[in-house]
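What follows is the residue order along each chain.
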Amino acid sequence: MGDQASTAQRSIFTLQNALQTLVTVAVVRKVIEYADTWRLLEGRLKLVTTSTANLTQVQDKLFDLAQKTRVSYESTIELYTRLARSSGSLGLSQEKMLRITELVNKTVQISGATAQEASAAIIQLSQGLATGTIRGDEFRSVSEQLPGLLRAIGVGSGKAASEIIVLGRAGKLTAEFLTTSLLAAGTSIDKEFSRIPKTVGQAITQIGNSLLRFIGTLDESTGATSNLAEAITIMAKGLDFFADQLDSTSEAAKALEFQETLGVLAFLAQEIKRLEG
């Protein structure tokens, strides 16, 4: 009886270690995802900036802007880089592009959009800006998710929101008209945004931005995620082994080999910790 209890306790202990391993891997995967996203976004900015110094300057301003407006850094970069690609035809300076990005982000909060809604609408809007006209699905997404943006365009252009909707549905809402109207409505947008209290969801978005930047810059200076990637590879091999054992053995053998497999997973947990150190 005592031997059975000891065996059960060992099984529980190794199971706990295995679960800890899975949690560790989930965290590691998230860290690598942050690092990869940061590199991707930096790569996009490099294409629309003139030098390393200019890249750093714009990167810092866009991060501060994202935090200030409580919108994801990724969506902010998406909007800015699309604007930058169209800057020649729109006659926009870097300063104006930053201001337009800030104003669009503020209308996101004025509209009461969730982080997911905001991200989807900003992507649609940025695509329309890149092509020169916001129409079709792009206009539909913007009008549904960002009504505050349409109101702001109306204020800046001196037109009623209903007139803006008519222009959008007719495919006549041009990027030039939108950006000019937004800039003209800047003071009104700033004032309305200042009255909006911060929500828990917005605070979480800000934390996500901070984690993204911290992990991204840390990885650039230390190459930390290379070890983390190696850890995931080790864990994947361990899980493949575990799956193979379950598939290839009888029910009776599974009970015996399960304990051994748990031991393997526990070992992998220690190996991951070693690599992270």
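Residues numbered from 1 in each chain as written. Predicted model: local features only at pLDDT ≥ 70, side-chain atom pairs only at ≥ 80, totals over all residues. Heavy atoms only, no water.

(A) Just the overall build of the protein chain, in detail. Within the protein chain, the secondary structure is distributed over 14 helices and two strands. Looking at the protein chain as a whole, 42% of its 277 residues qualify as buried. When contacts within the protein chain are restricted to residue pairs at least 6 apart in sequence, those whose partners lie at least 24 apart make up 74%. As displayed, the protein chain offers around 14,400 Å² of accessible surface, 56% of which is attributable to carbon and sulfur atoms. (Helix = DSSP H or I, 4+ residues; strand = E, 2+ residues; numbered from the N terminus. Buried < 20%, exposed > 50% of the residue type's maximum accessible area, 1.4 Å probe, protein only. Contact = heavy atoms within 4.5 Å. Areas by Shrake-Rupley, 256 points an atom, 1.4 Å probe, with all protein chains shown as cover.)

(B) Summary view of helix 6 (residues 115-131). Taking 1.5 Å as the rise per residue, helix 6 with 17 residues should run 24 Å; its terminal C-alpha atoms sit 25 Å apart, in good agreement. When helix 6 is considered as a whole, its buried residues turn out to be Ala118, Ala121, Ile122, Leu125, Ser126, Gly128 and Leu129. On an axial view of helix 6, the arc spanned by its buried residues comes to 160°, and they lie on one face. Exposed residues pointing more than 90 degrees away from the buried face of helix 6 are listed as Gln116 and Thr131. Along its buried surface, helix 6 packs onto helix 3 (73-85), helix 5 (94-111), strand 1 (133-134), helix 7 (136-145), helix 8 (147-157) and helix 10 (175-184). (Expected span 1.5 Å × (residues − 1). Arc of directions from axis to C-beta.)

(C) Examining the packing of helix 2 (residues 52-69) against helix 3 more closely. Running from amino to carboxyl end, helix 2 crosses helix 3 at an angle of 125°, the nearest separation of the two axes being 9 Å. Accordingly, the angle class assigned to the pair helix 2 and helix 3 is oblique. The way helix 2 lies across helix 3 gives a crossing that is right-handed. Along its contact with helix 2, which presents Val58, Gln59, Leu62, Phe63, Leu65 and Ala66, the element helix 3 presents Tyr73, Thr76, Ile77 and Tyr80. For the contact of helix 2 with helix 3, a count of residues per class yields eight nonpolar, two polar and no charged. (Axes fitted to C-alpha atoms, helices over the stretch in contact; angles between N-to-C directions. Parallel < 35°, antiparallel > 145°, perpendicular 65-115°, else oblique. Left-handed = near helix turned anticlockwise from the far one by under 90°. Nonpolar A, V, L, I, M, F, W, Y, C, P; charged D, E, K, R; others polar.)

(D) Expanded view of the nonpolar core. Judged by nonpolar contacts, the single largest core of 52 residues is most densely connected at Leu45, Leu62, Tyr73 and Tyr80. The element contributing the most residues to this core is helix 5, with seven residues. Residue contacts for Leu62: discarding those within four places in its chain leaves Leu45, Tyr73, Thr76, Ile77, Tyr80, Leu98 and Thr101. (Core = buried A, V, L, I, M, F, W, Y, C linked by side-chain atoms within 4.5 Å.)

(E) Quick peek at the pattern of salt bridges. This structure, assessed with the given rule, holds 11 salt bridges. Between Asp190 and Lys106 there is a salt bridge, and its shortest N-O distance comes to 2.7 Å. Pair noted here: Asp190 is in helix 11 (residues 186-194) and Lys106 is in helix 5, with a separation of 84 residues, a long-range link. Residue class for Lys106 comes out buried when judged on its relative accessible area of 4%. (Salt bridge = Lys/Arg side-chain N within 4 Å of Asp/Glu carboxyl O.)

(F) Geometry of the packing of helix 5 against helix 10. For the pair helix 5 and helix 10, interaxial distance at closest approach is 10 Å and the crossing angle is 80°. Judged on the interaxial angle alone, helix 10 and helix 5 are roughly perpendicular. Residues Lys96, Arg99, Ile100, Leu103 and Val104 of helix 5 touch helix 10, and the partners they reach there are Thr179, Leu182 and Leu183. Its residues placed into classes, the contact of helix 5 with helix 10 shows five nonpolar, one polar and two charged.

(G) Quick peek at unusual backbone geometry. Phi is positive for Arg70, which is not a glycine, with a value near 65°. Tracing the backbone through its elements, the reader meets Arg70 in the loop between helix 2 and helix 3.

(H) Quick peek at the packing of aromatic side chains. One pass over the full model with this rule turns up two aromatic pairs. The structure contains a cluster of three or more aromatic residues connected by ring pairs, namely Trp38, Phe63 and Tyr73. Over the ring of Phe63 we find Arg213, and its NZ or CZ is 4.3 Å from the ring centre. (Phe/Tyr/Trp six-rings, centres within 6.5 Å; stacked < 30°, edge-to-face > 60°. Lys NZ or Arg CZ within 6 Å of the ring centre and 35° of its normal.)

(I) A look at the environment of Thr37. Note on placement: Thr37 falls in helix 1 (residues 2-46). In this structure Thr37 comes out as buried when scored by relative accessible area, which is 17%. Between the alpha carbons of Thr37 and Arg213 there is a distance of 9.7 Å; along the sequence they are 176 residues apart. For Thr37, the contacting residues outside a window of four places in its chain are Glu74 and Leu212. Reaching out from Thr37, the side chain makes a polar contact with the backbone oxygen of Glu33 at a distance of 2.9 Å. (Polar contact = N/O pair within 3.5 Å; in protein donor to acceptor, adjacent residues only side chain to side chain.)

(J) Expanded view of the confidence of the model for the protein chain. Confidence in the prediction for the protein chain averages 78 pLDDT; 69% of positions are at 70 or higher. Least confident of the elements in the protein chain is helix 14 (residues 251-276), whose mean pLDDT is 48; most confident is helix 11, at 96. Segment residues 251-265 is flagged for pLDDT under 50; beyond a separation of four residues in sequence, or across chains, it makes 20 contacts in the model. (pLDDT = per-residue confidence, 0-100.)

(K) Seen up close, the environment of Glu220. Tracing the sequence through the fold places Glu220 in helix 12 (residues 200-222). Classification of Glu220 by relative accessible area gives partly exposed; the value is 41%. Those residues within four positions of Glu220 in sequence are excluded, and the remaining contacts are Trp38 and Glu42.

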